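Letter by letter, the chains look like this.
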Amino acid sequence: MSALPLNAASLVEAPEDLDELIEFFHLRRWSDGLPIVPPTRERVQRMLTGSRRQAHEVVARVAPGFGEATVERIAINAVMAGCRVDHLPVLIAATEAISDKSFNLQGIQATTNPVAVWLIINGPLALQLEVNSGMNCLGQGSVANATLGRALRLIMQNIGGALPGDMDRATQGQPGKFSFCCAENEAQSPWLPLQVDRGFAPTQSTVTVVGAAGTHNMNSHAKDADDLIRVVADTMAFPTSNDYWISGEPWIVIGPEHAQILHAAGLTKAEVKQRLWQASGLSAKRMAKVEFQRTHTARCEELGAIDLDSSLPISSHADGVGIVVAGGPGTHSVYVPSFGDTRAVTRLIES
Amino acid sequence: MTLVYDPTAPAPGATQNLYHRVGNLSGKVVGFIDNSKPNFNFLVDEVAELLMNEHGVKAVIKRAKRGASMPATQQVLDELAAQCDLVVTGSGD
Amino acid sequence: MAKKGLASVVVVSNAFVGLGKAQARSLGHPTLPLAVIAHPFGSRKREELKTVASQCVSQIITLVGLP
């Protein structure tokens, strides 16, 4: 047998008893607070069969600790989170995506802001892996949605080293930091799916990562597109948002019923983005004075001279408003404000 | 006992000593990178004044980042590296 | 900056020292000098900043200004 490479994960002795073993992981701060599935040699070996990549191949270095995310370490954390073997390629692609410079994982991991990494799965794999895109897709009840997001959080915490209260400086955090994952409801979307907007084919499967600062329910029985756009845009504009001060990239999860209303009015996805972008300007005087100063410093090159009478655009261009269609029946869409200084990244999932 | 994998990754091994002393500050040039967090600009002003008035610093150069979570531009880094003996920056709130 | 051989000091509030140290260690720079000021810093009144600045200058001198 050949010698193990230097970046091989180490095996440690742990108690046989499951309750004691779970406590062993909690004591070392290797879990998110929930019980884990023990990453034994057998389970990790089985998980590794989910990808054609070599176990010790380095996928990325994960900020802020810059630990090496090898395929093996991703598999270990996937086992712990309760993932199935065919989930591994999604996590490899997601780890690559969060490590892209434009995502700003360094900022996201170490900030006082409550930032969760939202995973959006597109393409045929979303169906195959049964990633929920319909009713309660951002809630509980689906193995893929629950464990993929959880595994990515464990990767960020264990490999990236961002432990709450240490390098993870979140003032409160948010429940999406346990797991935040869904698929796009491509079957009920009137428009082309997200991965096509982002340069991939409809037959390709992708994962898109978003630095999400929360979820806000938008319940509207509006029957016409103008009315709906007006209330959604009004919800987007709040003075403590990170998107306005730095030119962000907010997202809207449009429920299928709302999407149908917009589509029936003849609006394309690009037109919806344009309309929302135009209508969501924030009056600068609504901001705290110090936030306006910060905005001035951060956006003076982009916006030129701004004063308290200015209307601030939420992002530097209309395409900065992200749209994904998801959810089941009902009059709801979800506003997902972003961390601000982050851009969504999409990666192909190797199958 | 049973064997399980450690899910963490060691911090990158190589270390570099970044502790450089500048010695007596008299006649030296000090650069500041303002991280654009509230109040840091005022602190920079106060510190700069003290360094010049009480410690003989010859000149200060103040530059700002667009936001705290963004790196300073290469241009700013090059400029400060070329002209300063000491650089002071901020991190966190 | 420090990588270019230049003397450098990072100013952090005491709520962020742990992050600063852990981050410097992770990046392979365990000796990066930190000047620590009291948290919360961002909400201090303008006149209080003179005291903070004076504490900050003492630390800068101790950290890198002495021969």
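Residues numbered from 1 in each chain as written. Chains lettered and ligands numbered in written order. Predicted model: local features only at pLDDT ≥ 70, side-chain atom pairs only at ≥ 80, totals over all residues.

Structural notes on the overall build of chain A
A tally of helices and strands in chain A yields 13 helices and 13 strands. Against the 2.2 N^0.38 benchmark of 20 Å for 351 residues, chain A shows a C-alpha radius of gyration of 21 Å, consistent with a compact globule. Of all 351 residues assigned to chain A, the portion counted as buried reaches 51%. Long-range pairs, those at least 24 residues apart, make up 82% of the contacts in chain A between residues at least 6 apart in sequence. (Helix = DSSP H or I, 4+ residues; strand = E, 2+ residues; numbered from the N terminus. Rg over C-alpha atoms; globule rule 2.2 N^0.38 Å. Buried ≥ 20, exposed ≤ 12 C-beta atoms within 10 Å, placed from the backbone. Contact = placed C-beta atoms within 7 Å.)

Points about the nonpolar core
Residues and elements named next belong to chain A. Counting residues in hydrophobic clusters, the biggest one holds 141 residues, and the most contacted among them are Leu91, Leu119 and Val209. Here this core spans two domains, and each of domain 1 (18–214 + 344–348) and domain 2 (216–336) adds at least three residues to it. Each residue touching Leu119, except ones within four places of it in the same chain, is listed here: Ala94, Leu148, Gly149, Leu152, Phe180, Cys181, Val207 and Val209. (Core = buried A, V, L, I, M, F, W, Y, C linked by C-beta atoms within 7 Å. Domains from an automatic or database assignment.)

Describing the interface of chain C and chain B
Think of interface size as the accessible area that goes away when the parts come together; that is how it is often given. With 42 residues of chain C at the interface, the matching set in chain B holds 36 residues. When residues of the side of chain C that touches chain B are traced back to their parent elements, those giving at least two are strand S1 (7–13), helix H1 (17–26) and helix H2 (49–65) of chain C. For the side of chain C that touches chain B, the leading source of residues is H2 of chain C, giving 10 residues. Here the residues of the side of chain C that touches chain B sort into 24 nonpolar, 12 polar and six charged. Where strand S4 (residues 86–91) of chain B meets S1 of chain C, six bridges bridge the pair, whose relative direction is parallel. Paired with Leu86 of chain B across the strands is Ala7 of chain C, a residue of S1 of chain C. (Nonpolar A, V, L, I, M, F, W, Y, C, P; charged D, E, K, R; others polar. Pairing = 2+ DSSP bridges.)

Considering the environment of Pro190 of chain A
Residue and element names in this part refer to chain A. Tracing the sequence through the fold places Pro190 in the loop between strand S5 (181–183) and helix H8 (194–197). Residue class for Pro190 comes out partly exposed when judged on the 16 C-beta atoms lying within 10 Å of it. Remark: the alpha-carbon pair of Pro190 and Leu267, spanning 77 residues in sequence, is separated by 10.0 Å.

Side note on the pairing of strand S12 (residues 332–336) of chain A
All names here are of chain A. Across four bridges, strand S7 (residues 216–219) lies against S12 in antiparallel orientation. Paired with Met218 across the bridge in S12 is Ser333. Bridge count for strand S8 (residues 251–254) against S12 is three bridges, and the pairing is antiparallel. Counterpart to Ile252 in the pairing with S12 is Tyr335.

Here's the deal with the sheet that holds strand S6 (residues 206–212) of chain A
Residue and element names in this part refer to chain A. Spatially, four strands are ordered S5-S4-S6-S13 in an open sheet, and the strand pairing comes out mixed. Both edges of this open sheet fall to S5 and strand S13 (345–348), since each of them pairs with a single strand only. Neighbour to neighbour, the strand axes of the sheet diverge by 20 degrees on average, direction disregarded. For strand S4 (residues 116–122) and S5, the ladder comprises three bridges, and the chain directions are parallel. Looking across to S5, one finds that Ile121 is bridged to Ala183. (Axes fitted to C-alpha atoms, helices over the stretch in contact; angles between N-to-C directions.)

Observations regarding unusual backbone geometry
Cis geometry marks the peptide bond from Ala63 of chain A to Pro64 of chain A, where omega comes out at 0 degrees. Secondary-structure assignment places Pro64 of chain A in the loop between strand S2 (58–62) and strand S3 (67–70). The backbone of Ser247 of chain A sits at a positive phi, close to 70 degrees, despite the residue not being glycine. Topologically, Ser247 of chain A is positioned in the loop between helix H10 (242–246) and S8. Looking at Ser247 of chain A, the number of C-beta atoms within 10 Å reads 22, which means it is buried. Here the phi dihedral of Asn39 of chain B falls at roughly 80 degrees; this positive angle occurs in a residue that is not glycine. Locating Asn39 of chain B in the fold gives a position in the loop between strand S2 (29–34) and helix H1 (40–55). C-beta crowding within 10 Å serves as the criterion here: with 20 such atoms nearby, Asn39 of chain B is assigned to the buried category.

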